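# A closer look at the structure
So the chains spell out like this:
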Amino acid sequence: MELRSVDELMDLLYACRGERPAAEYGSGPVDLHGHALRTAALLRRRRPADKELQVAGLVSPVGRLLWPGNPAGRTAEAVRPLLGTRVARLLRRHAHPEAWAHDDDLVSLRQADEEARTAVFDAGVLEDWRTVLELTAARNSRLGAVD
């Protein structure tokens, strides 16, 4: 499955509401939707200029919804046509701990992901991210990266 529009992606992110993640998340106030919003919000605070990193944090749970049990890599390929190769690379490498050591972006993504599992704060609403997703998709399209 390839996501071709921000509307499709937003629908999937909304569908993550109430979905419980796998056991590796422990016992925090976690559903996939809230986790995605908190991860993206933490990345926005830490790296405000890096929209692609923020978007990677926001869309990471989509794979768990579409492919329970084996989302690694598949999420990256699903969003690559829409959001570009960097977002896809971050998502693909995020699933492999051995890749984190020498990549500051992956370290930031991982730290935000882990903190978002237990953090309790108002991370806003998904609609707040529509413009960022649209700008990322438009930039990706202008660069000719869309199939």
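Residues numbered from 1 in each chain as written. Predicted model: local features only at pLDDT ≥ 70, side-chain atom pairs only at ≥ 80, totals over all residues. Heavy atoms only, no water.

## Observations concerning the overall build of the protein chain
Test applied: Comment: elements are numbered from the N terminus, with helices defined as DSSP H or I runs of at least four residues and strands as E runs of at least two. Throughout, exposure labels follow a simple rule: accessible area from a 1.4 Å probe, protein chains only, divided by the maximum for the residue type, with under 20% read as buried, over 50% as exposed, and the rest as partly exposed. In what follows, residue pairs with any heavy atoms lying within 4.5 Å of each other are defined as contacts. Residue-level accessible areas treat just the shown protein chains as cover; the underlying method is Shrake-Rupley with a 1.4 Å probe.
Scanning the protein chain from N- to C-terminus turns up 8 helices and 0 strands. Reading the protein chain from its N end, one meets helices and strands in the order α-α-α-α-α-α-α-α. Taken across its 147 residues, the protein chain has 50% of its residues classed as buried. Contacts in the protein chain between residues at least 24 apart in sequence constitute 66% of all its contacts with a sequence separation of at least 6. About 7200 Å² of surface is accessible on the protein chain, with carbon and sulfur atoms providing 51% of the total.

## Overview of the environment of G73
For G73, the location among the structural elements is in the loop between α4 (62-66) and α5 (74-83). G73 sits 19 residues away from R92 along the chain, and the two C-alpha atoms are 4.8 Å apart.

## A look at α5
Of all 10 residues that make up α5, 8 are buried, and the element is covered over most of its length. Restricting attention to buried positions, one finds in α5 the residues T75, A76, A78, V79, R80, P81, L82 and L83. Where α5 terminates, the next one or two residues include G84, which has phi positive at roughly 100°.

## Remarks on the nonpolar core
Convention followed: Only buried residues count toward a nonpolar core, which is a set of Ala, Val, Leu, Ile, Met, Phe, Trp, Tyr and Cys residues joined through side-chain atoms within 4.5 Å.
Core analysis: the biggest nonpolar cluster contains 38 residues, and L9, L13, L58, V59, L83 and L133 have the highest contact counts within it. Taken together, the elements giving at least two residues each to this core come down to α1 (6-15), α2 (32-46), α3 (51-59), α5, α6 (85-94), α7 (104-118) and α8 (130-142). Considering every element that reaches this core, the biggest residue donor is α2, with 6 residues.

## So, the packing of α3 against α7
For clarity, the threshold we go by: A fitted line through C-alpha atoms represents every axis, and for helices the fit uses only the stretch in contact; the resulting angles, taken between N-to-C directions, go from 0 to 180 degrees. Angle categories are assigned with fixed cut-offs, so that under 35 degrees is roughly parallel, over 145 is roughly antiparallel, 65 to 115 is roughly perpendicular, and the rest are oblique. A clockwise turn of the near helix away from the far one marks a right-handed crossing, whereas an anticlockwise turn of less than a right angle marks a left-handed crossing. Residues are grouped as follows: nonpolar covers Ala, Val, Leu, Ile, Met, Phe, Trp, Tyr, Cys and Pro; charged covers Asp, Glu, Lys and Arg; every other residue, Gly included, is treated as polar.
The contact between α3 and α7 brings their axes to 10 Å, and the two run at 40°. Viewed along their axes, α3 and α7 adopt a mutual orientation that is oblique. Our pair here, α3 against α7, has a crossing hand that is right-handed. Across from L53, A56 and G57 in α3, the residues of α7 making contact are D105, S108 and L109. Considered class by class, the residues forming the contact of α3 with α7 number 3 nonpolar, 2 polar and 1 charged.

## Quick notes on the environment of E134
Mapped onto the elements, E134 comes out in helix α8. Along the primary structure E134 and S5 are separated by 129 residues, whereas in three dimensions their C-alpha atoms are 8.7 Å apart.

## Things to note about the packing of aromatic side chains
As a reminder of what qualifies: We call Phe, Tyr and Trp rings a pair once their centres come within 6.5 Å, taking the six-membered ring for Trp, and we label the pair stacked below 30 degrees between planes, edge-to-face above 60, and tilted otherwise. A ring has a charge above it when a Lys NZ or an Arg CZ is no more than 6 Å from the ring centre and no more than 35 degrees off the ring normal.
According to the stated counting rule, one finds 0 aromatic pairs in the structure shown. Note that R44 overlies the ring of W129, its terminal NZ or CZ placed 3.8 Å from the centroid. One residue, R45, lies across the ring of F121, its end atom 4.5 Å from the ring centre.

## Examining the confidence of the model for the protein chain
Spelled out, the test is: Residue-level confidence of the predictor, termed pLDDT, takes values from 0 up to 100.
The predicted model of the protein chain has a mean per-residue pLDDT of 86, with 87% of residues at 70 or higher. For the protein chain, α4 is the element with the lowest average pLDDT, namely 81, and α3 is the one with the highest, namely 96.

## A few points about α3
Within α3, 8 of the 9 residues are buried, leaving the element largely enclosed by the surrounding structure. The complete set of buried residues in α3 reads E52, L53, Q54, V55, A56, G57, L58 and V59.

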